[in-house]
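Inside the fold
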Amino acid sequence: MDLDVDGVHQAVSTGAVPGPTHTDTVLARAFERATGHREGAVADYIPALAEADADAFGLCIADVEGGLHELGDTRTAFSIQSISKVFVFALLCDTIGHERVLDVVGANNTGLAFNSVVAIELNDGHPMNPMVNAGALATTALVPGSTTEDRWTTIHEGLSRFAGRPLEVDDEVYRSESATNHRNRAIAQLLESYGRIECDPAAVVDVYTRQCALRVDARDLAVMGATLADGGVNPVTGERVVSAEVCRDSLAVLAGSGLYERSGEWLFEIGLPGKSGVSGGLVTVAPGKVGIGAFAPPLDTAGNSVRGQIATAYLSRALGLNVFASDPHVEEKKGRP
Ligand code: GLU
């Protein structure tokens, strides 16, 4: 996909984001650059998602000081979908430790589609990473709780703490996906046959489907991302949600597998961990600096928001967020010997 960054100057990280006025100016430019892009198609494999407004576009930056910069439809609600995988993974690592999670779920890219059954078979029943459906189902199955409702409460309350407000399930999306998620049910049963899921696979799919149907907006995604950028403390509420180590580990997983089969290209162009979802949401994290939340439903063929990617690519370059970008001349200008 063309991320439309030709000619955009690659600013280099200075350890902090520029001041609020400059951030607002850059946000407006990113919005303007992306808004005319009409490529892509709204997901329709979950019937309720097909009703999304293809013109909706919201962009929000939340910084680690708790400052918010918003433009467009940042208060339009949509179901979080795959982006929930990141935050459930982080909550679980925080509860049972990342060694156990890595052992059962893994952290390597599968190179195959997010809902691939072949990937499980090719890897002897190992889910490979928490951002594909197999790994996300295995992650949800590991969440401690003696009943399905206990597990759901842990996930629901945990994701709400990341957002800094109580999130609600979009009932229509939940029912629509529950009626059509035969593939996820097959994946959960296959994982059970390999001994990777120890509780009832149907109940695991149900909790996973509910977590994917939680309603968020672009501002929520930015704050959730900023919580990972801020070592696990929600910069708006001041509440610690997970540990700093868990943020580090979760962002490493995202860098490798957050944008479906385009994760490598994304890292190459944007240089930041991010996670997209089929409803058009995209969260990107600049560690120690900001979380970026984008919402625009039309997706590229891999399932990533077209306008969300273009706007984020611009922000990464113009704000000097790319974690791989360095330039000795910048230091010389600052008077380094
Ligand atoms: N609930 C969706 C599914 O399992 C999430 C997919 C996504 O956003 O990648 O198919």
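Up top you'll find the structure we're talking about.
Please read these numbers as outputs of a predicted model, since none were measured by experiment. (Residues numbered from 1 in each chain as written. Predicted model: local features only at pLDDT ≥ 70, side-chain atom pairs only at ≥ 80, totals over all residues. Heavy atoms only, no water.)

This part covers the site of the ligand. Taken together, Y45, Q81, S82, F114, N133, E177, N184, Y208, C212, Y260, G277 and V278 are the residues near the ligand. Within the contact set of the ligand, an oxygen atom lies 2.6 Å away from a side-chain nitrogen or oxygen of S82. For the ligand, an oxygen atom lies 2.9 Å from a polar atom in the backbone of V278. Calculation on the ligand without its partners gives an accessible area of 290 Å², and the protein chains cover 99% of this total. Residues belonging to the shell around the ligand are distributed by class as follows: 6 nonpolar, 5 polar and 1 charged. (Near = heavy atom within 4 Å. Polar contact = N/O pair within 3.5 Å; in protein donor to acceptor, adjacent residues only side chain to side chain. Areas by Shrake-Rupley, 256 points an atom, 1.4 Å probe, with all protein chains shown as cover. Nonpolar A, V, L, I, M, F, W, Y, C, P; charged D, E, K, R; others polar.)

This part takes up a nonpolar patch on the surface. On the surface, L112, V118 and L122 cluster together into a nonpolar patch covering about 270 Å² of accessible area. Tracing the sequence through the fold places V118 in helix 4 (residues 118-122). (Patch = residues over 30% accessible without salt bridge, like charges linked within 9 Å, V, L, I, M, F, W, Y side chains within 5 Å. Salt bridge = Lys/Arg side-chain N within 4 Å of Asp/Glu carboxyl O. Helix = DSSP H or I, 4+ residues; strand = E, 2+ residues; numbered from the N terminus.)

With that settled, the discussion passes to the sheet that holds strand 7 (residues 290-295). Within the open sheet, the 5 strands sit side by side as 2-1-7-6-5. Their pairing is antiparallel. What marks the edges here is a single partner per strand, and that holds for strand 2 (68-72) and strand 5 (274-276). Strand-to-strand twist in this sheet, taken as the mean axis angle between neighbours without regard to direction, amounts to 10°. Bridge count between strand 1 (residues 58-63) and strand 2: 5 bridges; the pairing is antiparallel. The residue bridging A62 from the neighbouring strand is L68, located in strand 2. The strands touched by helix 1 (residues 20-35) are strand 1 and strand 2; relative to strand 2, the strand with the most contacts, the crossing angle is about 25°. (Pairing = 2+ DSSP bridges. Axes fitted to C-alpha atoms, helices over the stretch in contact; angles between N-to-C directions. Contact = heavy atoms within 4.5 Å.)

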